[in-house]
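Examining the three-dimensional arrangement
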Amino acid sequence: MSTRLPTQGRLINRDRDVAFTFNGTRLTGHDGDTLASALLANGQTLMGRSFKYHRPRGVVASGSEEPNALVNLGEGDTLEPNQRATTTEIFHGLKATSQNHWPSLDYDIGAVNTLLARFLPAGFYYKMFIHPRPFWKYVYEPFIRKSAGLGKAPAAEARDPDRYEHFYAFTDVLVIGGGVAGLQAALSAAQSGAKVLLLEQTPHWGGRTPVDGGTIDGKDAETWIAETVAALDAMPNVTLRSRTVGAGVYDHGYVLGYERLTDHAPEDRGPRHRLWRIRAAQVITATGAIERPLSFAGNDIPGVMLAAAMRDYVVNYAINPGDRTVIVTNNDDAYRTAIALHEAGLKVPAILDARPNGGGALMEEAKALGLTVKTGAAIAKVKGHKAVHSVLVTQQDSDGSETTEIFCDAVAMSGGWSPVVHLWSHCGGKLTWDATQAAFRPDHDKAPTSHDGQPFVIPAGSADGEMNLSAILQNAAKAGQTAATRTGADKSSDAAPTAEAPDEAPLAPVWMMPANAPLKLRAKAWLDYQNDVKVSDVQLAAQEGFESVEHTKRYTTLGMATDQGKLSNINGLATLANALGEDIPQVGTTTFRPPYTPISMGAIAGEARGDIFQPIRKTPMHDWHDANGAHWEPVGHWRRPYAFPRKGESVKDAVNREVLATRNSLGLLDASTLGKIIVKGPDAGRFLDMLYTNMMSTLKPGNCRYGLMCTENGFLADDGVVARIDEDTFLCHTTTGGADRIHAHMEEWLQTEWWDWKVWTVNATEQFAQVAVVGPNARNLLEKLGGMDVSKDALGFMEWKDGDLAGVPARVYRISFSGELSYEIAVPANLGRAFWDKLLEAGKEWDITPYGTEALHIMRAEKGFIMIGDETDGTVIPQDLGLDWAISKKKDDYIGKRAQARSHMTDPDRWKLVGLETLDGSVLKDGAYAIAGGTNANGQTNTEGRVTSTYYSPTLQKGIAMGLVLNGPDRMGEVITFTDGGDDTKTARIVSPVFYDPDGEKQNV
Amino acid sequence: MSDVHLALGGASFDGLVKITELPGQGMVTLRGDLADKTIVQAVQHAFGVALPGVRETAFDGENGALWMSPDEALLLCPYAEAEDRVSALTGHLQGAHALAVNVSDARSVFELKGRMLREVIAKLAPVDMSPDAFGPGMVRRTRMAQVAAAFWMDDASTARVVCFRSVAGYMFDILSNAAEEASAVNYFVR
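Since we're looking at a predicted model, the values are computed, not measured.

Scoring rules and cut-offs
- Residues numbered from 1 in each chain as written.
- Chains lettered and ligands numbered in written order.
- Predicted model: local features only at pLDDT ≥ 70, side-chain atom pairs only at ≥ 80, totals over all residues.
- Heavy atoms only, no water.
- Helix = DSSP H or I, 4+ residues; strand = E, 2+ residues; numbered from the N terminus.
- Buried < 20%, exposed > 50% of the residue type's maximum accessible area, 1.4 Å probe, protein only.
- Contact = heavy atoms within 4.5 Å.
- Areas by Shrake-Rupley, 256 points an atom, 1.4 Å probe, with all protein chains shown as cover.
- Lys, Arg positive; Asp, Glu negative; His and termini not counted.
- Charge placed at Lys NZ, Arg CZ, Asp CG, Glu CD.
- UniProt positions renumbered as here; feature names shortened; annotations may be inferred.
- pLDDT = per-residue confidence, 0-100.
- Pairing = 2+ DSSP bridges.
- Right-handed = clockwise from strand over helix to strand, strands pointing away.
- Salt bridge = Lys/Arg side-chain N within 4 Å of Asp/Glu carboxyl O.
- Axes fitted to C-alpha atoms, helices over the stretch in contact; angles between N-to-C directions.
- Domains from an automatic or database assignment.
- Phe/Tyr/Trp six-rings, centres within 6.5 Å; stacked < 30°, edge-to-face > 60°.
- Lys NZ or Arg CZ within 6 Å of the ring centre and 35° of its normal.
- Buried area = accessible area lost by both parts, 1.4 Å probe.
- Polar contact = N/O pair within 3.5 Å; in protein donor to acceptor, adjacent residues only side chain to side chain.
- Nonpolar A, V, L, I, M, F, W, Y, C, P; charged D, E, K, R; others polar.
- Left-handed = near helix turned anticlockwise from the far one by under 90°.

**Section: the overall build of chain A**
Tallying secondary structure elements over chain A gives 25 helices and 52 strands in all. The principal-axis extent of the C-alpha atoms belonging to chain A is close to 115 × 70 × 55 Å. Buried positions account for 60% of the 1005 residues belonging to chain A. Contacts spanning at least 24 positions in sequence make up 66% of the contacts within chain A whose residues lie at least 6 apart. As presented, chain A carries roughly 39,300 Å² of accessible surface, and 50% of it is formed by carbon and sulfur atoms. Across chain A, the mean location of the 100 positive side-chain charges is 3 Å away from that of the 123 negative side-chain charges.

Written as structure tokens, this is what we have:
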């Protein structure tokens, strides 16, 4: 059982206790502890259950690479699953629960899966559960869902109470990693004159050097680190950020940094996480190296740890990982752990060195301390279940059948070190296999390149494959200087400091321990702890033909868990290579993708939540609508009133009231959202002739014309009224949703195709508040306001005029989308609310009624006017809608003309627009299909049309609809059948789409 | 002009910076070849300023010109004078191919005041806000969070942010959110 040591613990403050709970049990740690070290200090070596077999798991690493010690943090609104105990700093009141067990961590019923292991081999999803089909839905999936998986998602009703934000930063040189290499690289770059940003994922600078030892510039490492951080902090061109992960490297020096501001101090105000969106001219990846596990049976039993991690727990957190620890290694570094344990007063019964001749200076040092070293030795098996009981020792070059038992309660393993090449690789950096170190390291000749084809990422220190302290510092200094020089910095930096650390003997690659382990052992030797992938699984995949590393990964799920295979990657590749009889570099690696470690969804969303989740566009009259009970409808980013229900009135009743009031007397519509694009220039007429299907160049100043716009493929894209302002100037109205899109469409044609035409455009949509004054009393109201002549003679239908109304400068368009006498009046936006109020006040005598978009829709449908988005859906051409009158026959060309001549577009069997009246006066369902006889080749019912708009018309007191029907205009009076939900149908008669005032007498008074 | 309603009625917020919705600002969009002599002179005559260089501003008291793109400038003047300025400018532009439009009511303007304004903006706009990259005399036409925006600095501790009138509420809210007291990044000011 693990305990707290009386000495050591450079990162903890024993004077400050911190109380927290784990699975409801109250525990105490110290300020500076991680959750993992605090749990170990409390003897809690069992921290979770594995994904598939629910095996007991303890912490195996000490940093962000940890696969096992994942917990649920917080509860309710702050619950977060899959948090690594090794990177969670404890704070007072922290609540953690272990994952993936039921009913309890100690007694987990799912552990029965481990007994069923032979039924859950690699690719079991694909193999076992395909047939019979219904079993998947009712048996297999629920079973797997319940028994597999890691943390629990927060409840659906949970709401994250924290704040998040983004921050855009620009720098010459970004250094990722604040170990000694990162510090040195930053220092060299900064001395060279570059602007430097240095990110470190942990709260501490210096990486693992203070634990590993060595001297720099004659000082102990910790002193050099403190001095260097102070020196950097004092430089005006350097920014240091701890608790900030360099999460991903993207094209052109774009890098995401993930800063955790209050995770360790939740009582602090301010944002919890900040996503740094960085542009760096050069990126230095000083991301260190990760120790590899060794693959022996039982290497996942709680108490088996990476050797360096165990050393971290002893030195940094004063943890006694066990009273008797067996060391097993293929390299010199693990001897440091043996020495550290010995110096902490703990017993090391044996150091098992798989190399026949053992190691170098560190081995001699261990021997001199009286420690037992067995060379050529290996672990055949770790015995124990929830804790280590003993190890069976054998020869590495054997099948593990002959063993001797050593009793111990902990095992420290080291399979060598893999440089963290993830960030180098994110944007295309290639790797080269270093056989001496049995590791992939960055291939400097194939660096990630930026927009100019030049390299923009430089690896430094152990991330570049350097494992000796002196070489690391030399390498880092060079990286810093090179990066700075590439950004144009021209000062020279100081020489790299000299360092002293013991020379190390080469490692021996060990991918299976012992080398000839039989299946029984291989099936208990874990590669990927988090996803429960064993040596035998990868071998089986290879045997079954999954030869590509990417296929093996997906088949076995190796490296696909939340740790992205940080520990398992190289061991898995080597196992696959051996199984295939190939060399490791030939097999290659899987793709390293960002983020390096998981980042919160909150950080990605940033400020976009709650009221500022999305911009909501508001017209100048928005507040009036809001105060007067508007039932809102989103139209693009706008909110428009759908209707204005009064107290006690239903929305439907309000709509009907608004329609009748407008038709009978006077209605008012906020039409400010309609697009208003000004088009000017000597070629403006010619330009609009190309944009619209009809002729605009013949329009006279002072007049308006309705026009249609199509895409290049002939489909109807937008419509609206064009007003000619003067000889050179037009104002084009677009639909509400079309304003930005049509403006962009215009600019695209002007900038890419007709760049020599003299035309300028400005989107003036928001300059104006626009109000439609509609109904038989519309003219009376404007005459009452006074200021300009709006009589039939002075302002005829489809004419416009500038003037003053009630003292407000106004442009008045006599256009109608309702069929009534109607004026659309544009006033400066800042005067819009005042103008609206004046209209309401003056219109009282005619019972003036503001109406919403639904009344607008009903009135236009009663008149048979089409609506973009209802009658059109991106597949409809104007000819389908009977709009041939709006398509000029005189013009040589317009956008969409040639497309509309294609054979399919001229097919007489295209569905065409008609009006529809149900025989019983009821309302058809929107989108309902007209049923034709029989079925098609797929067994589906044949159709001959569909409903595009359908309403109850309060004016006509019956259901009216428009629809596209096969040969519709030729079938007037015919009755056809429509779907009406489920198997129900409704019959309707084909009629003219103009239901109301077909001669246009009302609008033309 | 008591009938003039600002989008937010002159809202303000005090945090890392002080944010204030400014009263009406005269704004005229000019489309044209900014290197055309006739256009340069017309702007000089109507607004009393020279057209600025790429991503730059030119000011003379309440008059100003902001570079928006190679063929677009935003001209500033007192709110009440905008219509007359458009007429005057259009008169001077006779013979040149150009378009001038009064857009004063289409926009809202916010003032940011305080030494932390650089990082409040840097939380929202993908712009290098460090003093060696951006300062008085420059303008950026960009986005802030999800909406189009332009901003410039009047002096070391004053910036003006322009957005479309319809999203003034959103702009005010994201600026206020970014200026929350406890959220200092301390990147530009340590």
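From this point, the discussion proceeds with the structure in view.
**Some points on the UniProt feature "domain: SoxA A3" (unreviewed entry) in chain A**
The UniProt record annotates "domain: SoxA A3" (unreviewed entry) at residues 524-606 of chain A. Spanning residues 524-606 of chain A, this segment combines 46% helix with 6% strand, and its end C-alpha atoms are found 44 Å apart.

**Remarks on helix α25 (residues 853-862) of chain A**
Residue and element names in this part refer to chain A. In terms of burial, α25 is a largely internal element, 10 of the 10 residues being buried. All of the buried residues in α25 are Thr-853, Glu-854, Ala-855, Leu-856, His-857, Ile-858, Met-859, Arg-860, Ala-861 and Glu-862. Looking at the buried residues of α25, the elements they touch are β34 (631-635), β35 (638-643), α20 (651-664), β36 (667-670), β49 (941-953) and β50 (958-966). Remark: Gly-864 follows α25 within two positions and exhibits a positive phi of approximately 75 degrees.

**Let's talk about helix α14 (residues 535-543) of chain A**
All names here are of chain A. Within α14 the residues assigned to the buried category are Val-535, Ser-536, Asp-537, Val-538, Ala-541 and Ala-542. The inward-facing, buried residues of α14 abut α13 (519-522), β32 (526-528), β33 (533-534), α15 (549-556) and α16 (569-580). Downstream of α14 by a residue or two, Gly-545 has a phi angle that is positive, lying close to 100 degrees.

**Regarding the confidence of the model for chain B**
Averaged over all residues, the pLDDT of chain B is 96; the fraction at 70 or higher stands at 99%. What the predictor reports for the complex is a pTM of 0.94 with an ipTM of 0.97.

**A closer look at the pairing of strand β20 (residues 325-329) of chain A**
All names here are of chain A. Of all five residues that make up β20, five are buried, and the element is covered over most of its length. Burial along β20 is two-sided: the face carrying Thr-325, Ile-327 and Thr-329 and the face carrying Val-326 and Val-328 are both buried. Relative to strand β26 (residues 410-414), β20 is paired through five bridges, and the arrangement is parallel. Opposite Thr-329, over in β26, you have Ser-414 as the bridge partner. Bridging between β20 and strand β21 (residues 351-353) involves three bridges; their strand directions are parallel. Paired with Ile-327 across the bridge in β21 is Ile-351. Once the chain exits β20 it traverses helix α9 (residues 334-343) before rejoining the sheet at β21, and the crossover so formed is right-handed.

**Some remarks on the pattern of salt bridges**
All names here are of chain A. Under the definition given, this model contains 57 salt bridges over all chains. Two residues, Arg-336 and Glu-504, come together in a salt bridge whose shortest N-O distance is 3.0 Å. One end of the pair, Arg-336, is in helix α9; the other, Glu-504, is in the loop between β31 (499-500) and α13, with 168 residues separating them in the sequence. The exposure class of Arg-336 is buried, given its relative accessible area of 13%. Three or more residues are tied together by salt bridges with common partners; here these are Arg-208, Asp-212, Arg-311, Asp-312, Asp-333, Arg-336 and Glu-504.

**Details of the sheet that holds strand β24 (residues 388-395) of chain A**
In any sheet, the strands associate via hydrogen bonds between backbone groups, in a parallel or an antiparallel arrangement. Residue and element names in this part refer to chain A. Spatially, three strands are ordered β23-β24-β25 in an open sheet, and the strand pairing comes out antiparallel. Across the chains shown, the open sheet's two edge strands, defined by having one partner strand only, are β23 (377-384) and β25 (404-407). For this sheet, the mean angle separating the axes of adjacent strands, direction not counted, is 30 degrees. In the sheet, β24 pairs with β25 via four bridges, with the strands oriented antiparallel. Counted as the bridge partner of Ser-390 is Phe-407 from β25.

**Overview of the domain arrangement of chain A**
Segmentation of chain A into domains returns domain 1 (13-126), domain 2 (164-290 + 419-493), domain 3 (293-415 + 506-515), domain 4 (525-588), domain 5 (675-766) and domain 6 (860-883 + 905-991). Each of domain 2 of chain A and domain 5 of chain A has a C-alpha centre, and these two points are 53 Å apart.

**Structural notes on the packing of aromatic side chains**
Inspection of the entire model under this criterion finds 20 aromatic pairs over all chains. Consider the rings of Phe-817 of chain A and Phe-865 of chain A, whose centres lie 5.7 Å apart with planes at 5 degrees: the pair is stacked. Note that Phe-817 of chain A is positioned in the loop between β44 (808-813) and β45 (822-828) and Phe-865 of chain A in the loop between α25 and β47 (911-918), a separation of 48 residues in sequence. Exposure remark for Phe-865 of chain A: the relative accessible area of 26% places this residue in the partly exposed category. Each member of the aromatic cluster is reached from another via a ring pair, and the members are Phe-167 and Trp-276 of chain A together with Tyr-187 and Phe-188 of chain B. The aromatic ring of Tyr-596 of chain A is capped on one face by Lys-566 of chain A, whose charged end is 4.5 Å from the ring centroid. A cation sits over an aromatic face here: Arg-85 of chain B above Phe-47 of chain B, 5.2 Å from the ring centre.

**Brief notes about the interface of chain A and chain B**
Chain A puts 53 residues into the contact, and the matching count from chain B is 51 residues. Of the roughly 4,400 Å² buried at the junction of chain A and chain B (both faces included), carbon and sulfur atoms supply 55%. Contact with chain B buries surface across chain A, with Tyr-168, Trp-760 and Asn-830 of chain A losing the most and accounting together for 20% of the total. At the surface where chain A touches chain B, the tally comes to four salt bridges. Between Lys-838 of chain A and Asp-3 of chain B there is a salt bridge whose closest N-O contact spans 3.2 Å. Put simply, chain A and chain B have 26 residue pairs in polar contact (both at pLDDT 80 or more) between them. Only β9 (164-176), β13 (238-241), β16 (273-285), β37 (675-680), β41 (760-763) and α24 (829-842) of chain A provide two or more residues apiece to the side of chain A that touches chain B. Here the side of chain A that touches chain B gets seven residues from one element, more than from any other, and that element is β9 of chain A. A breakdown of the residues in the side of chain A that touches chain B according to their chemical character gives 27 nonpolar, nine polar and 17 charged.

**Quick notes on the sheet that holds strand β46 (residues 849-850) of chain A**
If you trace the six strands from one edge of the open sheet to the other, you get β43-β44-β45-β42-β36-β46 (chain A), paired in mixed fashion. Here the strands that pair on one side only, and so sit at the sheet edges, are β43 (800-805) and β46 of chain A.

**Thoughts on the packing of helix α1 (residues 37-47) of chain B against helix α2 (residues 82-92) of chain B**
Residues and elements named next belong to chain B. Here α1 crosses α2 at 145 degrees, and the two axes come no closer than 9 Å. Where α1 crosses over α2, the two elements pack in a sense that is right-handed. Within the contact between the two elements, α1 uses Thr-38, Ala-42, Val-43, His-45, Ala-46 and Phe-47 and α2 uses Arg-85, Ala-88, Leu-89 and His-92. A breakdown of the residues in the contact of α1 with α2 according to their chemical character gives six nonpolar, three polar and one charged.

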